Every structure is written in structure tokens, then in C-alpha cells.
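Observations on the model geometry
Each chain, letter by letter, is given below.
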Amino acid sequence: MLEGIWGKFEQRYNTTPISSEVHLVTSDSLDCPPLPVYRLMSSLFISIADKDNYSIVDMERNTAQICLSDAALRHKLYAGYYFLGTPVSCIASCHTTPVHAGCVALNGRGVLLCGDSGAGKSTLSYACARNGWTYVSDDGSYLLSSGKDRVVTGNCHQVRFRPTAAELFPEIGELKMMPRAAGKPSVEMQTSMIPGLTCAQATKVDFIVFLNRHSEGRQGLVPYRKDVTRNFMRQMLFGPPNTRDRQHAAIEQLLTAEVFELRYKDLNWAVHRLEKLVHDGR
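Described in the following lines is the structure provided in the data block. Bear in mind the structure is a predicted one, so any value in this text is a computation, not a measurement. (Residues numbered from 1 in each chain as written. Predicted model: local features only at pLDDT ≥ 70, side-chain atom pairs only at ≥ 80, totals over all residues. Heavy atoms only, no water.)

A word on unusual backbone geometry. One non-glycine residue, N62, adopts positive backbone phi at about 60°. Positive phi values are uncommon outside glycine, yet N107 reaches one of about 55°. Residue position: N107 is located in the loop between β7 (101–106) and β8 (109–114). Among the residues examined, N107 registers a relative accessible area of 61% and is labelled exposed. (Helix = DSSP H or I, 4+ residues; strand = E, 2+ residues; numbered from the N terminus. Buried < 20%, exposed > 50% of the residue type's maximum accessible area, 1.4 Å probe, protein only.)

Encoded structure:
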């Protein structure tokens, strides 16, 4: 299972390895464990479902201790999403600045798709990829804190949708729903399932676009305030306090890109409008 989660990625940088230990215990039940609760305590990121299923990630020391029951391993989506993927917190805090955004690229020019949960980032990212764009991430992008070129990286190997997205993309209709996804039902699709889909682990960002698919006015692309963008991105930061200055500097570098708001109702129109943005710069 670990190979399926981490083995798809190519090493791009020489950084300190993350030391992860996974302990397997026998459970009294074969039912899927509860939804975890999360605690952030200084440099510790803690996820707790029950006495047999929890993880402790130390973002300063680059270590992760994970305890899983055999019951959790019977539910691979649950174990992978809530526990075996938690060491990414070390990467996010030590080497990158997390941004709540999807990311796609066309002709080598990257577009960061921003918005709150439910804004449509995954749907629009995937719609662009189906239309010939390069897919980088659906809603979790990571800006390289040490870079000067506005480079972001993401998990290009999967897309997570709300179940209603099957109305737009029939190919996800048979996928299993994420177990214990209380409050935010989701289905996960591996991009390798779609022949011809172009994916990349990283791209340079040329445009930042906030999504507004509930606008009452006309569809259009309009300039967006950079101070609002800055506040939005800073709210997503986590990790040890000694990383904050570096992350703030990375956000300022990212804000040298142009920022827009995309007001739309029609998904196909939105994809074509983004294509025009890439081609014309406006």
C-alpha cells in the first residue's frame, strides 16, 4: 500500500529524508475505524481515530509514527488518506508553502485555481485536463519555499471529486466513496485510469485565478485584489513558527503573478476562457 501512495513520485530534490514507522496491531473488529480528529501542537501534527489507529508527525524532526489496525488496512482508501499520507506534513512545513488550490498548465504556463472548499477546483482542474491541459493537482498545491520561480508541485496521480461530479464525468460513476468522509463525501480517481491524460508533478505558475461559479452577473474574467489573495493564502499555513517567514516570502514571490477572479456558470465556457487567458495573457 505504501508503494501505491508514495512510489509513484519521482525524486526531484535532495532533502533530508522523512523517517516513518508504521506499526500494525490486531483489532477486535473488522469495521472501518472512525473518522480521525486532528490536533496541531507546536511542531506536532496528531491524527487520532481510536486507540489502535493514530499518527504523530513531528514536522521539525522529519519523523512520523503511525499505528494502524488490520481493520483499517482492509479499507485502503481510509488508511491511505487519513494515516499513511500524513508524513506529507513534514514536506509541507519544511520545504514548501501549502496553497489551497488546484493547478493545471497549458503550453508550459501554469494556472493556480483558488477558492474555498466546494468552489469547484477539482472539477475545473479535471475538465481542463480532459481538454488537453497538463494536470498537476486538484486542490492541494505546494509552493516551493526556496524557489524564486513560482514553482508549485502537487499530487498529479489522483483527483478527488464530490459524488455529484458523476453528472459531469460519467467515468467516475462507479468509483467507491471515501470511507468516513463525514461532512465532505468524496470519491477518488487515479489519473492513470484515463488514457491520454497528461500529468506533471510540478509547473511554474503564471496566473492565479479565484473561482466564482455562483456569480449572479455575467460570466467573465476580472482582476482580483492581491491583498485578499495574500490573506487567503496565509490562512492555510501550518507548521513550526520558524518556517513562517520563509512561507510568507514564498507567497510574496507567488503574488508577482497576475491574479484574477473567474465568474462562470458553464464549465466548458470556463475551460475555454482559461485557454484564452493563457494564450492572450488576459
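Two strands pair when backbone bridges link them, and β7 and strand β9 (residues 134–137) are joined in this way by three bridges, in the antiparallel orientation. Considered in β9, the bridge of C103 is made with S137. (Pairing = 2+ DSSP bridges.)

One finds V111, L124, W133, F161, V209, L262 and L274 to be the most contacted residues of the largest nonpolar core, which totals 34 residues. Contributing elements (two or more residues each) for this core: β7, β8, α5 (121–130), β12 (158–161), β13 (187–190), β15 (202–212), β17 (258–263) and α8 (267–280). Per-element accounting of this core gives the leading share, six residues, to α8. If sequence neighbours within four positions are ignored, L262 has contacts with L124, V209, F210, L211, N212, G220, L221, W269, A270, R273 and L274. V99, A101, C114 and V205 belong to the second largest nonpolar core, which has 20 residues in total. (Core = buried A, V, L, I, M, F, W, Y, C linked by side-chain atoms within 4.5 Å. Contact = heavy atoms within 4.5 Å.)

Take it as geometry only, folks, not as evidence of what the structure does.
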